[in-house]
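Here is what each chain is made of, one letter per residue.
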Amino acid sequence: MIIYQKISIIIILLLLLSVVTAFAAPAGIKTPPTPANNPKTLPAPEALIEFRVDRAGFDGNIAYAEGVFYNSGEVKIKRIKSITVKLWGRNSNQEDMLVAVETFRDIPVNLSPGEFLPQGLFFRKIYERRHYPRWWSEETDWEFELERSL
């Protein structure tokens, strides 16, 4: 009697297992590819770079910003083809004033991800001619030349 009960339990478990697997993956239907298992759908590595102002001011009729280009992306950037930089000053009342704007072209940087390069930028288009206790920049319209991987 005990043998028949064990065989019955085994048969019931096998039936349940076959029912569960039949509903889990219908025959002939494959799981759609995901980015993890389909390299065609993986996102491209992101190219990101920023300019961090360490010091800024005026030299005659030209504003300058000394700082670093920092590669915060995932690919090596050989050259900045074009970038528009807005130089801002923040006064003691925490008000931000647009000081100058310039578009820079053809800056060789050769920066791998995580690397930085000291750089001085000079601005001719000046809106506000005051000295501020704090300076910062806003970069837009980036165009890069990336290093080609083999």
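Our subject in this report is the structure included herewith. (Residues numbered from 1 in each chain as written. Predicted model: local features only at pLDDT ≥ 70, side-chain atom pairs only at ≥ 80, totals over all residues. Heavy atoms only, no water.)

By secondary structure assignment, the location of P118 is in strand β5 (residues 116-123). For P118, a relative accessible area of 56% gives the class exposed. A C-alpha to C-alpha distance of 9.7 Å links P118 and D54, two positions 64 residues apart in sequence. Aside from chain neighbours lying at most four places away, what touches P118 is G67 and V68. (Helix = DSSP H or I, 4+ residues; strand = E, 2+ residues; numbered from the N terminus. Buried < 20%, exposed > 50% of the residue type's maximum accessible area, 1.4 Å probe, protein only. Contact = heavy atoms within 4.5 Å.)

Two elements, strand β1 (residues 49-59) and strand β2 (residues 62-71), share ten bridges in a ladder whose sense is antiparallel. Across the sheet, residue F58 finds its bridge partner in β2, namely A63. In textbook terms, the turn of a hairpin is the stretch between consecutive antiparallel strands, and for β1 and β2 this stretch comprises two residues, one of which, G60, has a positive phi near 65 degrees. (Pairing = 2+ DSSP bridges.)

By secondary structure assignment, the location of T84 is in strand β3 (residues 77-90). A distance of 3.0 Å separates a polar atom in the side chain of T84 from a polar atom in the side chain of T103. Leave out the neighbours within four places in its chain, and T84 touches V101, E102, T103, E138, E139, T140 and D141. (Polar contact = N/O pair within 3.5 Å; in protein donor to acceptor, adjacent residues only side chain to side chain.)

Counting residues in each nonpolar core, the largest one holds 25 residues, and the members touching the most others are F69, L87, F123 and W135. Contributions of two or more residues to this core are made by β1, β2, β3, β4 (96-111) and β5. The biggest single contributor to this core is β4, with six residues. Those residues in contact with F123, other than ones at most four positions away along the chain, are N61, I62, A63, Y64, A65, V85, L87, A100, V101, E102 and F104. (Core = buried A, V, L, I, M, F, W, Y, C linked by side-chain atoms within 4.5 Å.)

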